[in-house]
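# Examination of the molecular architecture
Here's the letter readout for the chains.
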Amino acid sequence: MSKLNYATWCLLITQAQDKNYVEHTSDSVINVAVNYFEKKNMPSPKAWSYFYLGRIQSDLGEADKAIKSYLKAKICASSLTDNGLKGRICENIGLLYWNCSMYDRAKDVYNEAYTYYMTDKDTLGVLYVLKKMGNIYEALNESDNAIHIYQDALKISEQMHDENEKASLLKAIGNSYEIKKEHSIALLYLRQSLNCPHNPQTLSSLYFSIASVWVAVSQPDSTFYYLHKAMETDDLFIQCSGNRLLYQAYTQKGELKKAYEANERYLELRDSLETLYEPVEIAKVNALYKKEILEKEKNQILLEKSQQYVILLCILLISYILASFIIYKYYTRQKFQQLKLEESERILKQKEELLQVNRYTIDEQNKSLISLQIQIEEKQKELEDADARIRTVLDDYKNVSADMNKMHKMEIDNLRLLKNAIQEEKEQLKRRQMDLLKSISEQQKSLHWLLKVAERWKDEHICRNKFLNQLKQNEAFSFGNEDWLNFKTNFEKEFPLFIVHMKEEFPDMSDSELCFCCLVKMGLKVSQIATIMGINSNTISKRKNEISTFYFQIPGAKLSEKLLLYW
């Protein structure tokens with residue numbers, strides 16, 4: 001298993017144990033994830049790792065370490081969009097502050113948790129946070145604010161149809177009204193809570209709260225009724241507080257002996273509770289001590305964070321300077337390449353002009369060669385006619401008289417002289433033909449070299465343009481209107497004179513034919529051109545012949561060379 005997979009496994013197993021309320025006994029497993037993700041700087045798993053480390057440290061009673069882990073988790077989660085995680089972190093920080101009686105700080109982080117849960121639309125999270133905030137306002141003796149918060153939470157519990165939470169909130173509102181001495185309203189909410197389902201422990205607490213209201217309004221009989229129900233529990237706190245209320249109720253009723261007995265039971269139970277829960281008082285002292293430690297650690301974290309900001313600012317400044325230098329070097333190099341390209345274009349333009357002159361010379365020489373071939377054919381025909389006449393004369397010579405022999409012989413000599421002259425002129429024409437063919441061969445070699453230069457120049461332009469290079473190298477696709485506009489923009493950037501001169505020289509050429517010529521000039525394959533233009537590949541040769549014949553008066557096979565050298 002890789003280190004990443006092992007660290008992820010440690011995080012997930014800790015998460016599963018926490019969700020299933022398995023008691024944590026060690027932080028060794030989660031520390032594997034913390035150490036790994038801290039080094040790899042992975043914000044999300046790093047934040048979750050510190051969060052669960054804080055959960056384990058809280059279960060182990062290490063509140064000072066837990067708050068430090070939660071604060072680190074909060075810093076890591078600040079760059080994330082996981083509002084649920086941010087809410088849970090703030091909620092747990094608030095609980096630690098609450099346990100340390102740091103109510104103002106607890107209220108602030110609970111407000112943050114409320115905002116995150118609302119953004120995440122986590123109704124249950126909002127409900128829990130509102131209950132805790134109500135508890136904080138009660139501890140700060142701000143009953144009005146506590147009632148307002150509890151009522152907001154009550155509305156949410158009713159929407160969720162959570163009867164247990166509804167009962168708990170109704171009781172909390174009733175207790176707040178009792179603190180405000182508004183006993184009738186307090187009884188109204190407590191009785192509403194009584195109509196909701198309760199477990200035995202919460203029901204005893206509710207009975208005790210109702211009895212407290214009745215004793216406050218001097219109704220001892222009602223007090224006795226509800227205290228009797230409340231004190232059926234084994235909870236020593238309720239037993240102790242219940243005897244205190246019995247003392248007050250018996251005193252109101254004038255039964256002083258029973259009041260004295262109730263007060264004695266109250267004192268005995270109070271002494272038992274003090275003995276039993278003496279460690280709680282020690283824990284409170286430790287909590288105050290840890291509170292001071294937490295404040296110091298928080299200040300230290302803020303100092304470290306400010307130092308990190310300074311380091312980050314320095315890194316950004318250095319990065320900006322390096323980026324500026326790189327950009328400067330890049331533009332300097334681009335300018336040099338542009339000048340080099342302009343020089344290459346100037347040389348290529350000169351070569352193109354020379355090529356045009358050579359092409360004109362070749363055309364003229366081709367015309368002369370054709371004329372010579374016609375003359376040779378005519379002389380050959382004359383030679384054949386002379387041979388025929390010689391044969392005729394020889395045939396006649398056998399049949400004529402001796403007197404005509406001399407005349408025929410002279411005519412034969414003349415014809416032989418004419419034949420020799422024609423033969424010599426034929427040889428001269430052949431020599432001229434060989435000279436012309438040699439000249440044409442040399443010019444064709446020059447033309448071939450120029451074609452290679454033009455081909456290399458074209459490839460350089462295409463490679464320099466990202467769009468044209470991808471079009472030539474990758475698999476072709478059918479162009480839409482936007483693709484044709486993008487193609488023309490990039491093509492004109494690399495071959496700025498081609499389309500302009502084509503339109504000037506061939507104003508009747510259609511946009512489709514012009515686009516076809518651009519694709520041929522790029523040297524695309526037949527299948528690529530057919531796919532881009534959405535036509536059958538078998539029609540490409542036909543279209544080449546049509547354009548070559550109509551506009552350039554050359555064979556279709558020569559169209560690519562023609563367009564390659566064309567501007």
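Residues numbered from 1 in each chain as written. Predicted model: local features only at pLDDT ≥ 70, side-chain atom pairs only at ≥ 80, totals over all residues. Heavy atoms only, no water.

## So, the overall build of the chain
Within the chain one finds 23 helices and zero strands. Taking all 567 residues of the chain together, the buried fraction comes to 36%. Just so you have it, the chain exposes about 34,500 Å², and 53% of that area is on carbon and sulfur atoms. (Helix = DSSP H or I, 4+ residues; strand = E, 2+ residues; numbered from the N terminus. Buried < 20%, exposed > 50% of the residue type's maximum accessible area, 1.4 Å probe, protein only. Areas by Shrake-Rupley, 256 points an atom, 1.4 Å probe, with all protein chains shown as cover.)

## Remarks on the side chain of Lys-107
Note that Lys-107 resides in helix α6 (residues 103-120). Look at Lys-107: it is buried, it has no salt bridge, and the nearest opposite charge is Asp-104 at 4.4 Å. Residue contacts for Lys-107: discarding those within four places in its chain leaves Ile-136 and Tyr-137. (Lys, Arg positive; Asp, Glu negative; His and termini not counted. Salt bridge = Lys/Arg side-chain N within 4 Å of Asp/Glu carboxyl O. Contact = heavy atoms within 4.5 Å.)

## Focus on the environment of Glu-264
Tracing the sequence through the fold places Glu-264 in helix α14 (residues 256-276). Exposure remark for Glu-264: the relative accessible area of 30% places this residue in the partly exposed category. For the pair formed by Glu-264 and Asn-243, sequence separation is 21 residues and the distance between their alpha carbons is 8.6 Å.

## Comments concerning helix α3 (residues 43-59)
An α-helical turn contains 3.6 residues, so a residue and the one three or four places further along point in the same direction. Taking 1.5 Å of rise per residue, the 17 residues of α3 would be expected to cover 24 Å, and the 25 Å separating its terminal C-alpha atoms lies within 8% of that figure. Taken across its 17 residues, α3 has 12 buried, putting it largely inside the fold. Among the residues making up α3, those that are buried are Pro-45, Lys-46, Ala-47, Trp-48, Ser-49, Tyr-50, Phe-51, Tyr-52, Leu-53, Gly-54, Ile-56 and Gln-57. On the buried face of α3, the contacting elements are α1 (3-19), α2 (28-40), α4 (63-77) and α5 (83-99). Phi for Gly-61, located one or two positions after α3, is positive at around 80°. (Expected span 1.5 Å × (residues − 1).)

## Topic: the packing of helix α17 (residues 466-473) against helix α18 (residues 481-494)
The geometry of α17 relative to α18 is characterised by a closest axis approach of 9 Å and an angle of 115° between their N-to-C directions. The angle between α17 and α18 falls in the class roughly perpendicular. Touching Phe-467, Leu-468 and Leu-471 of α17 are Asp-483, Asn-486, Phe-487, Asn-490, Phe-491 and Glu-494, all from α18. For the contact of α17 with α18, a count of residues per class yields five nonpolar, two polar and two charged. (Axes fitted to C-alpha atoms, helices over the stretch in contact; angles between N-to-C directions. Parallel < 35°, antiparallel > 145°, perpendicular 65-115°, else oblique. Nonpolar A, V, L, I, M, F, W, Y, C, P; charged D, E, K, R; others polar.)

## Looking at the packing of aromatic side chains
What the rule picks out here adds up to 21 aromatic pairs. Look at Tyr-6 and Trp-9: their rings are 6.1 Å apart centre to centre, the planes differ by 10°, and that puts the pair in the stacked class. Placement of both Tyr-6 and Trp-9 in helix α1 is noted, with a separation of three residues, approximately one turn of the helix. Taking relative accessible area as the criterion, Tyr-6 reaches 39% and is therefore assigned partly exposed. (Phe/Tyr/Trp six-rings, centres within 6.5 Å; stacked < 30°, edge-to-face > 60°.)

## What to know about the pattern of salt bridges
Applying the stated criterion across every chain, the model contains 11 salt bridges. Note that Lys-180 and Glu-182 form a salt bridge whose closest N and O atoms lie 3.5 Å from each other. Residue Glu-182 is classed as partly exposed on the basis of its relative accessible area, which comes to 27%. Measuring nitrogen to oxygen at the nearest pair gives 3.5 Å for the salt bridge that ties Glu-255 to Lys-258. Three or more residues joined by partner-sharing salt bridges are found here, namely Asp-144, Lys-180 and Glu-182.

## Some thoughts on the confidence of the model for the chain
Looking at the chain, pLDDT values average 82 and 90% of them are 70 or higher. Counting interchain partners and residues more than four positions distant, the pLDDT-below-50 stretch residues 277-293 has 11 contacts. (pLDDT = per-residue confidence, 0-100.)

## Side note on helix α13 (residues 236-253)
When the terminal C-alpha atoms of α13 are compared, their 25 Å separation across 18 residues agrees well with the 26 Å that a helix rising 1.5 Å per residue should span. Residues of α13 that are buried include every one of Ile-238, Gln-239, Cys-240, Gly-242, Asn-243, Leu-245, Leu-246, Ala-249 and Tyr-250, and no others. The distance from a side-chain oxygen at the start of α13 to the backbone nitrogen of Phe-237 is 2.9 Å, and the residue carrying that oxygen is Asp-235. (Polar contact = N/O pair within 3.5 Å; in protein donor to acceptor, adjacent residues only side chain to side chain.)

## Quick notes on the side chain of His-461
Within the secondary structure, His-461 sits in helix α16 (residues 405-464). A polar atom in the side chain of His-461 sits 2.9 Å from the backbone oxygen of Glu-494. In contact with His-461, not counting residues within four places along its chain, are Leu-341, Glu-345, Glu-494 and Phe-495.

## Some words on the environment of Thr-8
Looking at the secondary structure, you find Thr-8 in helix α1. In this structure the C-alpha to C-alpha distance between Thr-8 and Tyr-36, which are 28 residues apart in sequence, comes to 9.3 Å. A distance of 2.8 Å separates the side chain of Thr-8 from the backbone oxygen of Leu-4, its partner in a polar contact.

## Some remarks on the packing of α18 against helix α20 (residues 511-521)
A packed helix pair is summarised by two numbers, namely the angle formed by the two axes and the spacing between the axes. Their axes nearest at 12 Å, the elements α18 and α20 cross at an angle of 55°. Relative to α20, the element α18 lies oblique. Crossing geometry of α18 relative to α20 is assigned as left-handed. On the side of α18, the interface is formed by Trp-484, Phe-487, Lys-488 and Phe-491, while α20 contributes Cys-515, Cys-518, Leu-519 and Lys-521. (Left-handed = near helix turned anticlockwise from the far one by under 90°.)

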